[in-house]
Amino acid sequence: MAVTEEELKSLREKARRVRIDILKMLTECGSGHTGGSLSATDIVTALYFYKMKYDPKRPDWKERDNFILSKGHAAPVLYTALAHAGFIEHAELCTLRKLGSRLQGHPDSKCMPGVEISTGSLGQGLSVANGLALAHKLDKSSNRVYALLGDGELQEGQIWEAAMTAAHYKLDNICALVDNNGLQIDGPVEKVMGVEPITDKWRAFGWEVFDIDGHDMAAITAALDKAETVKGKPTMIICRTVKGKGSKVFEGKVEFHGTTPSKEELDIAMKELSGETVCK
Amino acid sequence: MTEKVATRDAYGDALVSLGKKRNDVVVLDADLSGSTKTSKFAKVFPDRFFNIGIAEQDMMGTAAGLAIGGKLPFVSTFAVFATGRAWEQVRQSICYPNLNVKIVASHSGVTVGEDGGSHQSVEDIAVMRVIPHMTVIVPADGPETLQAIEAAAEYKGPCYVRVGRSKVPTLFGADYKFKIGKAHVFNEGKDAAIIATGIMVAEALRARDLLKAEGIDVGVIDMATIKPLDTDAVLAAAKRCGAIVTAEEHSIIGGLGGAVAEALVESVPVPMARIGIKDTFGTSGDQEALLKHYGLSAGDLATAVKEVIKKKR
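Residues numbered from 1 in each chain as written. Chains lettered and ligands numbered in written order. Predicted model: local features only at pLDDT ≥ 70, side-chain atom pairs only at ≥ 80, totals over all residues.

Draft legend 1. Highlighting the overall build of chain A. When helices and strands are tallied, chain A shows 10 helices and 7 strands. Rg of the C-alpha trace for chain A: 17 Å, near the compact-globule value of 19 Å for 280 residues, within the 12% margin. On the principal axes, the C-alpha backbone points of chain A span a range of 50 × 45 × 40 Å. Considering only residue pairs separated by 6 or more positions, chain A has 75% of its internal contacts joining residues 24 or more positions apart. (Helix = DSSP H or I, 4+ residues; strand = E, 2+ residues; numbered from the N terminus. Rg over C-alpha atoms; globule rule 2.2 N^0.38 Å. Contact = placed C-beta atoms within 7 Å.)

Spelled out as structure tokens, the structure:
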């Protein structure tokens, strides 16, 4: 059941390609969230290409695992993963945020296959994940529910309401992750409104907590595997990440929360990621 | 008009009956199940009842997740919390994704009584009807509530159903067939028409009888669905009578009065008066006293009808 070296190599390569596609998509669109999409890339890659059970031909397949992007502004990483997974064609990625596109600025479940629920307003996705988990418990199904939260998002009170619910209802079919990249729009999270100690908080709320390097594919896959063995309580994987991970142009930069690369910045990043330099 | 039943009690019974027919029905509450009467369902189907505690925002999101998971969730708490505290969750997690969640909010309007203004929602119809994809239903009595709940269960999409704490007269019999979006015309009238909703329907019928004694022929319409409004019924009444009075246990801003005014002014502008809470918060008191205090009695309705008739051209 544990990941193989082959699989790890393949996952790292997939993450590299996902980063390239995210950056091309964002540069083409001229609008969107760069930093938080890149910091979440390795996590989302592991979920879609290692752990989750789904069928791109049947987005409504009753036995599928569910993924909720609670930090909905990272839509670019979700859309790219869905394209690589076969839910949509690659060509559609360049329609991000355009009028009439299925790739809305924040995920819209009404039009986009593979998106479970519309998100974008922070703090709401974990509650929805709980609802899905409760439905699976009622049906006695083995489907698992994954939810990706932002660290700034932990400032929203509803997150903690949902944390209580998951523990109270013993939702061990929930595995949530925090993309702990340390930055939000107005600056570093600890400077705006400190959320630490994150680990202690989730543990106090009755969750099983793992702390990992969110860019270490071996650690991510191992934690996802371990989460499946936890019984009687939900699991939280806190992923220490770098906002903008993938290129020095974006890494650790507050300003790249909601701004997109210029053509020049894209070229620099492409060289680092060893991809093509021209946007398709 | 002899038996009196609170619409929240009818809701509680409707849930149990629905739960027996459909095993996908689940119910959520936020620590108010004794008051909202979801406790009746909880007693019979404990595995399908989820108390989320005093966390209304979380409750709405959880309902959304249950809906995605193939369940038919009914979510309850007081109207002020369902539509106030959790307004954004209703908008973002239920209406925007157009999920099949039914919000049945109890203790609407001032007849919440002694708890006072913090617990009395005078804005819920307004803030719910303005959200796209939302259907808004305000049943007038026990039988209409039962049917509204069943209709809401059949309907595919977000629904907001407003029920109340006060015992109201039974207006409808076994032969009544409620339909979402269809008003019920008790009688057509000639001089004016009262379009009422919720507990004000019974008051409207009383006002009609008061006015009959004075030789004024008033029609009464139960507008149970605020959205989609039965515009045909509104315009027909306006064409027929030439004067309209709306009546609701809600602010005169944005609720039934607002919806009717919007329909009238674009097609059949006639003199109109809105009976309701005059842009003020509620206050503590017993139900009878509060209805008088806020000008929501049959007498107040009759006075308004006479005033609006004077403005007819």
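Draft legend 2. A look at the domain arrangement of chain B. Residue and element names in this part refer to chain B. Assigned domains within chain B: domain 1 (4-169) and domain 2 (184-310). For domain 1 versus domain 2, the distance between C-alpha centres works out to 25 Å. Contacts between the two partners involve 28 residues from domain 1, matched on the other side by 29 residues from domain 2. Broken down by secondary-structure element, the contributors of at least two residues to the side of domain 1 that touches domain 2 are α7 (124-129), β6 (135-137), α8 (142-154) and β8 (167-169). Looking at side-chain class alone, the side of domain 1 that touches domain 2 contains 13 nonpolar, 10 polar and 5 charged residues. (Domains from an automatic or database assignment. Nonpolar A, V, L, I, M, F, W, Y, C, P; charged D, E, K, R; others polar.)

Draft legend 3. Quick look at the interface of chain B and chain A. The interface of chain B with chain A comprises 22 residues on the first partner and 20 residues on the second. Of all elements in the fold, only α4 (56-68) and α6 (87-95) of chain B reach the threshold of two or more residues within the side of chain B that touches chain A. By residue number, the principal contributor to the side of chain B that touches chain A is α4(B), which donates 9 residues. Residues that form the side of chain B that touches chain A fall into these classes: 9 nonpolar, 10 polar and 3 charged.

Draft legend 4. Fine view of the nonpolar core. Residues and elements named next belong to chain B. Judged by nonpolar contacts, the single largest core of 190 residues is most densely connected at I194, I195, I244, V245, L301 and V305. Counting residues domain by domain, this core receives three or more from each of domain 1 (4-169) and domain 2 (184-310). Setting aside residues no more than four positions away along its own chain, V245 makes contact with A192, I194, A273, I275, L301, A304, V305 and V308. (Core = buried A, V, L, I, M, F, W, Y, C linked by C-beta atoms within 7 Å. Buried ≥ 20, exposed ≤ 12 C-beta atoms within 10 Å, placed from the backbone.)

Draft legend 5. Spotlight on the sheet that holds strand β3 (residues 174-180) of chain A. Residue and element names in this part refer to chain A. Within the open sheet, the 5 strands sit side by side as β1-β2-β3-β7-β6. Their pairing is parallel. Edge positions in the open sheet fall to β1 (66-69) and β6 (208-213), since each of these has one partner strand only. When strand polarity is set aside, the average angle formed by the axes of neighbouring strands in this sheet is 20°. (Pairing = 2+ DSSP bridges. Axes fitted to C-alpha atoms, helices over the stretch in contact; angles between N-to-C directions.)

Draft legend 6. Molecular detail of the environment of B:K190. Residues and elements named next belong to chain B. Here K190 lies in the loop between β9 (184-187) and β10 (192-196). Note on K190: 13 C-beta atoms within 10 Å, which makes it partly exposed. With 29 residues separating them along the chain, K190 and G219 place their C-alpha atoms 6.8 Å apart. Not counting residues within four places of it along the chain, the set of residues in contact with K190 comprises D217 and C241.

Draft legend 7. Geometry of the environment of A:E272. Here A:E272 shows up in helix α10 (residues 263-273). A:E272 sits 33 residues away from A:C239 along the chain, and the two C-alpha atoms are 23 Å apart.

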